[in-house]
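Residues per chain, in single letters:
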Amino acid sequence: MAQLTFRTAVQAALLQEMRRDGDVVLLGEDVTSGGVFKTTGGLLAEFGTDRVRDTPISEQAIAGAAMGAAMAGLRPVAEIMFADFYATCWDQVVNQIAKTRYMTGGQVRLPLVLRGANGFASMGFGAQHGQACEAWAMTVPGLKIVSPSTPADMLGLLAAAIRDDDPVLVFEHKGLYATKGEAPDGEHVEPLGRAARRRAGADVTLVGLSVTAVHCERAADLLAAEGISADVLDLRCLVPLDAAAVLESVGRTGRLVVVEENPGQLGWASSVAAIVAEEAFDALRAPVTRVSGGNVPWPVARELEAEVDVTAVRVVAAAHRVLQHTAVVRTIA
Amino acid sequence: MEPSTGPGSAPSDAMDLFERMVFVRQFLERVDVLYRQGAVHGPAHLGLGQEAIAIGVASVLRPDDRSIGTYRGHAHALARGAPADAVLAELLGREGGICGGKGGSMHVTDVDHGWYGSYAIVGAHLPVAVGLAWASRIRHTDEVTVCFFGDGTVNIGAFHEAVNLAAVWRLPVVFVCENNQYMEYTPISAVIPTQRPAADKASAYGLPAVVVDGNDVDAVREVTAEAVARARGGGGPALLEMDTYRLKGHSAADAGAYRPAAEVEAWQRRDPLLRQREALVRAGAAEADLDAVVDRARAELSALADRVLATGPPPAATAWTDVWSDGSSRWRS
């Protein structure tokens, strides 16, 4: 097993796929020097300026050029440095990249990846560099959405995203870049659209994505100390969504807590909750509960960040609520 | 549906160019009639009066060159060889539409003939054109990409991001501004601080300012051939501004009443078809032969419209195809 950080896993995936396929090219701001988050180091030396290309600060041109290159048969990987910057090229992403295959009746394929740093991470990045933006993309059909939680998945899912023939947005949580883990030796590719069970349990289902999957694992450990067993699912992808895994788990536990970092006023957890309410209502023994980031633009001061952030402790509290609800129902009955 | 060829492929002489422009003119006139009859589902933006640019530019391209443009793109698609019956079927929402009924008038695309599509968000396709040209660079092939846009496009950010990136990377892309003097209903002079929407921006990107009479098909061909040859040879991009005029409104729903009558009359005298006709007569062509060209095209388009109108709608189930490269629209795994 190879030791990786989440950060070096990005580089490892790019190396693996660029060595394998000469059509894979990388573009973005500062990518030749390794990038702001140090995820693309060493690529220029091996692949040259044809395949590793610095761009101006021009997100529309970056995303649009990736689309054009993909239409012409390449497999571009475009770095959007902070996911917040998708707002500057959202037309390219949701009006062009997401829709052009459909609008042309399938005349083109768009095998491209847009990737970059996402999320809050209590690092003082504030409201314009610290948002969890993955749910933005989920409102528009035509985009696959990946957000890994471990170095092995960062490697395997980015590799799969690059090999995929459709547009994939990969959201890399900036709070995870320094985390360490093991990845299989040799080539590693993890199929898109399959949730991973991080803890097996029978009392409550905890569903997370990226950093919130990590929160769910910690919450499960805290709950285990109380004698409560939590089933933890790491969705890994929002599109394709492994709803079947969630429905299967809720079918056994009857209780669901969905944990997202984005604001809860309209986040992806609402969609997961709605699917369970529509398709597994009879299995539920308590209302579905969401734990979401605060419905405010993200603050900066450490204490204010803590006020609105998602934590394992908040996940534990939510699990307690759904478990207590069942107890109340039983008492009345 | 019987195949219809349209005016694609290399022209032989001035008469051939005239016939191509006449065919496109008759196509657009027919669409205008069909729109008034309620047969066009959705808006239709007609390039009546701008035919010399679409035909002239296409006539100097190789079949493997790429072109891409705007929602006012019927003429450009036909000029590359898109089958007229499939284009009309798309506009009318009939079976056999070139985009399967999923694009409509504003998104006519025919990749097989090098027409990489019509884009309805102003400016969005300029970055895509850059990506198409970048792919040629990476693959060390020598296709050129031509990107058409309107004068109103110079005020949106994507224009600047794209032209800058193409210039910095010296990519083989020829940007063609069809200056039809109006951004939708507003004179372009009211929204730019200098006289020339595109040419006055060229020096900012290190490109020569080129202005050409876009209603003179020979002038269009000459300046385009020069720019394409330079781009093909590695000389980088070009920004060409071609003066022209929309003989009717912004869309078929717009009578264009905001335009002074004297201005319209002056441009009617510069109608590119009229001028090509006069040139042919000067060179010895018989008026009767030229009339016959128009009559033949009118009859062909009339018969074509009847055939397309007689076909059924696309199968309802096809609304659910072509989102993803596997042909499906499934978002849950």
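This is a predicted model, so every value here is computed, not measured. (Residues numbered from 1 in each chain as written. Chains lettered and ligands numbered in written order. Predicted model: local features only at pLDDT ≥ 70, side-chain atom pairs only at ≥ 80, totals over all residues.)

Draft legend 1. Geometry of the overall build of chain B. The number of helices and strands found in chain B is eleven helices and eight strands. Its C-alpha atoms give chain B a radius of gyration of 19 Å, near enough to 20 Å, the size a compact globule of 333 residues would have. By residue count, 56% of the 333 residues in chain B fall in the buried class. Of the contacts made within chain B by residues no fewer than 6 positions apart, 75% connect residues no fewer than 24 positions apart. (Helix = DSSP H or I, 4+ residues; strand = E, 2+ residues; numbered from the N terminus. Rg over C-alpha atoms; globule rule 2.2 N^0.38 Å. Buried ≥ 20, exposed ≤ 12 C-beta atoms within 10 Å, placed from the backbone. Contact = placed C-beta atoms within 7 Å.)

Draft legend 2. Broad picture of the interface of chain A and chain B. Taken together, the contact between chain A and chain B spans 43 residues of the former and 35 residues of the latter. Elements supplying a minimum of two residues to the side of chain A that touches chain B: α2 (43-51), α3 (59-71), α4 (90-97) and α5 (100-103) of chain A. Considering every element that reaches the side of chain A that touches chain B, the biggest residue donor is α3 of chain A, with nine residues. Considered class by class, the residues forming the side of chain A that touches chain B number 18 nonpolar, 16 polar and nine charged. (Nonpolar A, V, L, I, M, F, W, Y, C, P; charged D, E, K, R; others polar.)

Draft legend 3. View of the packing of helix α4 (residues 84-92) of chain B against helix α11 (residues 287-309) of chain B. Residue and element names in this part refer to chain B. Where α4 meets α11, the closest approach of the two axes is 10 Å, and the angle between their N-to-C directions is 55°. By the angle between their axes, α4 is oblique relative to α11. Between α4 and α11 the crossing geometry is right-handed. Contact residues: A84, D85, L88, A89 and L92 in α4; L304, A305, R307, V308 and L309 in α11. Here the residues of the contact of α4 with α11 sort into eight nonpolar, no polar and two charged. (Axes fitted to C-alpha atoms, helices over the stretch in contact; angles between N-to-C directions. Parallel < 35°, antiparallel > 145°, perpendicular 65-115°, else oblique. Left-handed = near helix turned anticlockwise from the far one by under 90°.)

Draft legend 4. Spatial organisation of helix α7 (residues 151-163) of chain A. Residue and element names in this part refer to chain A. Between its terminal C-alpha atoms α7 stretches 18 Å, which fits the 18 Å expected from 13 residues at 1.5 Å a residue. The element α7 is largely enclosed, with a buried count of twelve among its 13 residues. Considered for burial, the residues of α7 that qualify are P151, A152, D153, M154, L155, G156, L157, L158, A159, A160, A161 and I162. (Expected span 1.5 Å × (residues − 1).)

Draft legend 5. Representation of the pairing of strand β10 (residues 204-208) of chain A within the structure. Residues and elements named next belong to chain A. The buried count for β10 comes to five of five residues, which makes it a mostly enclosed element. Note that β10 and strand β11 (residues 230-234) share five bridges and pair parallel. When the sheet's bridge partners are listed, T205 is paired in β11 with D231. Handedness of the β10-helix α8 (residues 211-225)-β11 crossover: right-handed. For β10 and strand β13 (residues 256-263), the ladder comprises three bridges, and the chain directions are parallel. Among the inter-strand pairings, L206 is bridged to a residue of β13, identified as V257. (Pairing = 2+ DSSP bridges. Right-handed = clockwise from strand over helix to strand, strands pointing away.)

Draft legend 6. Structural view of α11 of chain B. Residues and elements named next belong to chain B. For α11, built from 23 residues, the straight-helix expectation of 33 Å at 1.5 Å per residue is met to within 8% by its first-to-last C-alpha distance of 33 Å. Taken together, the buried positions of α11 are L290, A297, L301, L304, A305 and V308. On its buried face, α11 sits against α1 (14-36), α4 and α10 (272-282).

Draft legend 7. The arrangement of the sheet that holds strand β14 (residues 289-293) of chain A in detail. All names here are of chain A. A sheet is described by the order of its strands in space; here five strands give the open sequence β9-β11-β10-β13-β14, paired in mixed fashion. A strand with exactly one partner marks an edge of an open sheet, and here the two such strands are β9 (196-199) and β14. Geometrically, the sheet is characterised by an average inter-axis angle of 25° between neighbouring strands, direction not taken into account. Taken together, the three bridges between β9 and β11 define a ladder with antiparallel strand orientation. Across the sheet, R197 pairs through a bridge with L233, a residue of β11. Against the sheet, helix α10 (residues 268-279) makes contact with β10, β13 and β14, and its axis sits at roughly 155° relative to β13, the strand it touches most.

Draft legend 8. Broad picture of the confidence of the model for chain B. The share of residues in chain B with pLDDT of 70 or more is 96%, and the mean pLDDT across the chain is 96. Both scores are available for the predicted complex, with the pTM at 0.96 and the ipTM at 0.96. (pLDDT = per-residue confidence, 0-100.)

Draft legend 9. Examining the nonpolar core more closely. Judged by nonpolar contacts, the single largest core of 215 residues is most densely connected at L206 of chain A together with V130 of chain B. At ten residues, α1 of chain B tops the list of elements feeding residues into this core. Not counting residues up to four positions away in its chain, the partners in contact with L206 of chain A are C216, A219, A220, A230, V232, V257, V259, V315 and A319 of chain A. (Core = buried A, V, L, I, M, F, W, Y, C linked by C-beta atoms within 7 Å.)

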